[in-house]
Protein chains: 2
Amino acid sequence: MTGQYQKLMAPLAINSMVIPNRVIVPAMVTRLSGDDGFVNQAIMDRYVRFAEGHVGLIVVEATAIHNAKSGPLLRLSDDKFIAGHKELVDRVHGAGPSKIVPQIIHFMKVARSGWRQTLDMLSVEDVRAIIRQFGAAACRVREAGYDGVELHAAHAYTLASSLSRLNRRRDRYDGHTLEGRLALFGDVYSEVRAMVGEDFPVGVRFLADEMIKDGYTLEDSRLIALRMAQLGCDYISLSVGGKFEDAVYHEGRPLYPYTGYSGDRCMPGALYPALPHIEYPTQIRSYLRAKGYDTPVVAIGKISAPVDAERVLQEGRGDMIGMARQLLSDPDWPKKVSAGREDEILRCIYCNVCKQLDENFKQVTCFLWPKGALQAPGEDICADRPSWPDGAGLTARVEKGMVRLTWTPARGPRVLGYDIYRAEDQGTVTCIEAKKSTKFDDRTVLGGLSYTYYVRAFGEAGAPSRPSNSVRIDMPWAAPLAATAAGVTRSEI
Amino acid sequence: MTGQYQKLMAPLAINSMVIPNRVIVPAMVTRLSGDDGFVNQAIMDRYVRFAEGHVGLIVVEATAIHNAKSGPLLRLSDDKFIAGHKELVDRVHGAGPSKIVPQIIHFMKVARSGWRQTLDMLSVEDVRAIIRQFGAAACRVREAGYDGVELHAAHAYTLASSLSRLNRRRDRYDGHTLEGRLALFGDVYSEVRAMVGEDFPVGVRFLADEMIKDGYTLEDSRLIALRMAQLGCDYISLSVGGKFEDAVYHEGRPLYPYTGYSGDRCMPGALYPALPHIEYPTQIRSYLRAKGYDTPVVAIGKISAPVDAERVLQEGRGDMIGMARQLLSDPDWPKKVSAGREDEILRCIYCNVCKQLDENFKQVTCFLWPKGALQAPGEDICADRPSWPDGAGLTARVEKGMVRLTWTPARGPRVLGYDIYRAEDQGTVTCIEAKKSTKFDDRTVLGGLSYTYYVRAFGEAGAPSRPSNSVRIDMPWAAPLAATAAGVTRSEI
């Protein structure tokens, strides 16, 4: 445990499971599985990689509790799937101290016509079946040797549709009342708990804000979280948005719930500031504590700098740090941070290429990885850092309201790309972009400010070169059009 | 100046204008004007009412700088409109210490077919004309005797479309670069400033976050605000959302930019917590201060409790408090707060009936006002408070996951409605709803918590009765469905 990241690297007991540190990789679509729903080699490699990096808690991608048609998707809808999961769990446990739980999911039907099934179309028997399927799948989770299970009650899926303000049912699961909206989750939780026993960690992920018109906000999500704590959920992981209601329909393709604004917010890209959603875990956690529940809460949303992660924990804004895209890009983040090797992190720049791949039904990889790689590069492949023996030759010029940077290629074993660092008015230096080519146009610069840039080349495992030469630009400010006031009277206009 | 609200009631110099307190009513659509664009009696009454209530700065609704077709809308597109505005200004100045500025606007064409003109369809000549029209209108603003002018660069209108990340122009007003997106505002500001002179207050309203897919966020809006400060804007008023891009099209009706999610966020309703947008003025103001600019910033978004307003100012999260719906409901808010008569405020409950009226092209009034009233009730009409001489008979029962409240009608001169107050687990009491009838169903209650309710009747000017009897409900928690685990094996499912 390093002094600087004392909280981040502290273990945490979650029911019978003790996670070695506070870093959690939330469920991420990989599209690595086959259509058959079985665990395959690529899936195992993906999760083992997180274990090698010492991620505290690994949440396996959404795994279906039923047989409904879908694209490539892991399943636990039948006993035949258990063996594969068992192998996955064994390999992960063999690779390091990480704990691992799968996220189990029920989803409704979507058609290429744009039609989709909604909660109010389900019969009471359908709903009872869903409850039983959740219980049975959870039982298989335990049998496979997982350390716990996470119920998927977020985004566009069945349990989230029940929690939603847009739930149109009018029975036990009545969308008109908070209690009605909570009933399906309660029934599912109760079934799952009965199946797996009191000592088995059961977590949940749900939306702190639906981020859609007429959707629920923090006013409701505080109460939803409280119900989850009352029920006995062992941890609460948050997300926001990712709904069908504002999804963009592409003809001939099933609706994808991350194509609208709520999808933007779910996986906030480079346009968003760091930690855009930190108020959600802050408020929800403090509400739970005020009600006497110590249920751990996972903070989420563009948290990638180790100091930010530690501060979130120190300030009581969360108990764990959920980090999806940053851990995809570099699963060794926890190990590197813990060893004081922060500058070797392959930094996620939130370009959302991973999101685009998912949206286009392609295997999800990271833009920063070597071309064609299916997994994050290992640490062994790159002992030497890249360098510029003849100087980096970084130059900058202003053109058409942009700062245009160019530099020379670095040398070294498998140079993977370049991080661009910028300071505004000689303030804090931040990494604003990563490029694989040797040029970059900075289009978000304001005349009247000065900008100082340097780049660092990075190798396959993230180990960077020394900084290049730095260049400073005093951004000029184009004059407004000459006012016409002097020469024109109002009546002429 | 009261001790408790020292900052709130302190004057503020904005260029040559000194506002008597920090309460500002931002521009709100009234739909009270005729199609002719002239100031009429109803318009004057609306703004005089704010002056009677001692609102520090009154911003008159968006007033067109051009003649383009639209629904009822004030105009300053020709000298013939000046006289009406002069009368409005004189009446407001005669009614109290308030300052008054109009918000001047350019908007593009929308058609009932759903088509709308976008910035990239404008020729260079069109753009030059817009710049000149802004200058000419500003000149008329000064001639009418206004205390300053506000440039509308928010929501779905021309200047905001230029600032937007979705600006598709590729010339001087290039949407690819921040400088390009800022150029139109710079040209307009420079023209306006040349027209009105250095001593005339020129404020601006713009979006701190577009709240649409691929729109800009705080990352850009800090820089946009800085440019506005660099240019010399005398105050910066913020808003969020309200865009065409996610507006819901209703056949045969022109698109209305507050019908989508960004419209939800622009005027956050009852589902949102108080102060949902407070981070925007906080971050923008602190960025401006760090850069050496003391431009006043208006904080916005569901700020209606006097203690919240004062705290925002004390904590340096804003220099003025923008309050639209609360001041519509009760324009006497500043006067009542300053006189220690807080409990007489007609409290906005963010039901957004005003928003619905606007959306349906009807005159904008407040649900809390007497039926048929076009303006907020005056203070003179209701000296006596309502009362329940025989007791209020408040009862509560739990039914279908709701708490159903009923009470008896109060007596008194023109009882207008009832505020419902609730405390959760004997915590803080908050006003959760206002009703004109004598019943209310609370649908957002959680089993396992206790709720204490009382109601207060209020008269036309907000003066409330004493609290009714109070009732406490220990909300029961419906048991989840009996787990099937015991009796069912997995293979049966």
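Everything that follows concerns the structure shown earlier in this document.
What comes next is a walk through the structure.

Rules behind the numbers
Residues numbered from 1 in each chain as written. Chains lettered and ligands numbered in written order. Predicted model: local features only at pLDDT ≥ 70, side-chain atom pairs only at ≥ 80, totals over all residues. Heavy atoms only, no water. Helix = DSSP H or I, 4+ residues; strand = E, 2+ residues; numbered from the N terminus. Buried < 20%, exposed > 50% of the residue type's maximum accessible area, 1.4 Å probe, protein only. Axes fitted to C-alpha atoms, helices over the stretch in contact; angles between N-to-C directions. Left-handed = near helix turned anticlockwise from the far one by under 90°. Contact = heavy atoms within 4.5 Å. Nonpolar A, V, L, I, M, F, W, Y, C, P; charged D, E, K, R; others polar. Pairing = 2+ DSSP bridges. Least-squares fit on C-alpha atoms with pLDDT ≥ 70 in both. Phe/Tyr/Trp six-rings, centres within 6.5 Å; stacked < 30°, edge-to-face > 60°. Lys NZ or Arg CZ within 6 Å of the ring centre and 35° of its normal.

Section: unusual backbone geometry
At F361 of chain A, a residue that is not glycine, the phi angle is positive and equals roughly 60°. Checked against the element boundaries, F361 of chain A lands in the loop between α12 (353-359) and β12 (395-399). Take F361 of chain A: its relative accessible area is 40%, and that puts it in the partly exposed class. The phi dihedral of Q426 of chain B is positive, around 55°, even though this residue is not glycine.

Topic: the packing of helix α5 (residues 178-196) of chain B against helix α6 (residues 218-231) of chain B
Residue and element names in this part refer to chain B. Two numbers describe how α5 lies on α6: the axes approach to 11 Å, and their chain directions differ by 30°. Once α5 is placed against α6, the crossing between them reads as right-handed. Side by side, α5 and α6 meet where L178, E179, R181, L182, F185, G186 and Y189 of the first sit next to D220, L223, I224, R227, M228 and L231 of the second. Looking at the contact of α5 with α6, its residues break down into eight nonpolar, one polar and four charged.

So, the sheet that holds strand β16 (residues 439-442) of chain A
Residue and element names in this part refer to chain A. The antiparallel open sheet is built from three strands, whose spatial order is β12-β13-β16. Edge positions in the sheet fall to β12 and β16, since each has one partner strand and no second. Each strand axis lies, on average, 20° off the axis of its neighbour in the sheet, ignoring direction. Relative to strand β13 (residues 402-406), β12 runs antiparallel, the two sharing five bridges. Bridge pairing in β13 links T395 to T406.

Focus: the relation of the copies chain A and chain B
Note on the identical chains: chain A maps onto chain B by a rotation of 180° and an axial translation of 0.0 Å, with an RMSD of 0.0 Å. Classification of the inter-copy transformation places it as that of a two-fold axis. Of the residues that chain A buries at the interface, 100% are likewise interface residues in chain B, meaning the two copies contact each other through the same surface.

Concerning the sheet that holds strand β14 (residues 415-424) of chain B
All names here are of chain B. Taking strand neighbours across the sheet as the criterion, the four strands line up as β15-β14-β17-β18 in an open arrangement whose pairing is antiparallel. Edge positions in the sheet fall to β15 (429-435) and β18 (471-474), since each of these pairs with one other strand and no more. Sheet twist, expressed as the average angle between the axes of neighbouring strands with direction ignored, equals 30°. Taken together, the six bridges between β14 and β15 define a ladder with antiparallel strand orientation. Bridge pairing in β15 links D419 to A434.

Overview of the packing of aromatic side chains
The full count for this structure, using the stated rule, is 17 aromatic pairs over all chains. Ring geometry for F38 of chain B against F81 of chain B: centres 4.7 Å apart, planes inclined by 45°, an arrangement best described as tilted. Taken together, the residues F38 of chain B in the loop between β3 (23-25) and α1 (41-52) and F81 of chain B in the loop between β5 (74-75) and α2 (82-95) connect sequence positions 43 residues apart. Classification of F81 of chain B by relative accessible area gives buried; the value is 3%. Between Y421 of chain B and Y454 of chain B, the ring centres sit 5.0 Å apart and the planes meet at 20°, which makes this aromatic pair stacked. Taken together, the positions of Y421 of chain B in strand β14 and Y454 of chain B in strand β17 (residues 450-459) put the pair 33 residues apart, joining distant regions of the chain. The burial state of Y421 of chain B is the same as that of Y454 of chain B; both residues are buried. Here the aromatic cluster, defined as three or more aromatic residues joined through ring pairs, consists of W388, W407 and Y418 of chain A. A cation over a ring is seen here: R222 of chain A above Y287 of chain A, with NZ or CZ 4.4 Å from the ring centre. A cation over a ring is seen here: K436 of chain B above F367 of chain B, with NZ or CZ 5.3 Å from the ring centre.

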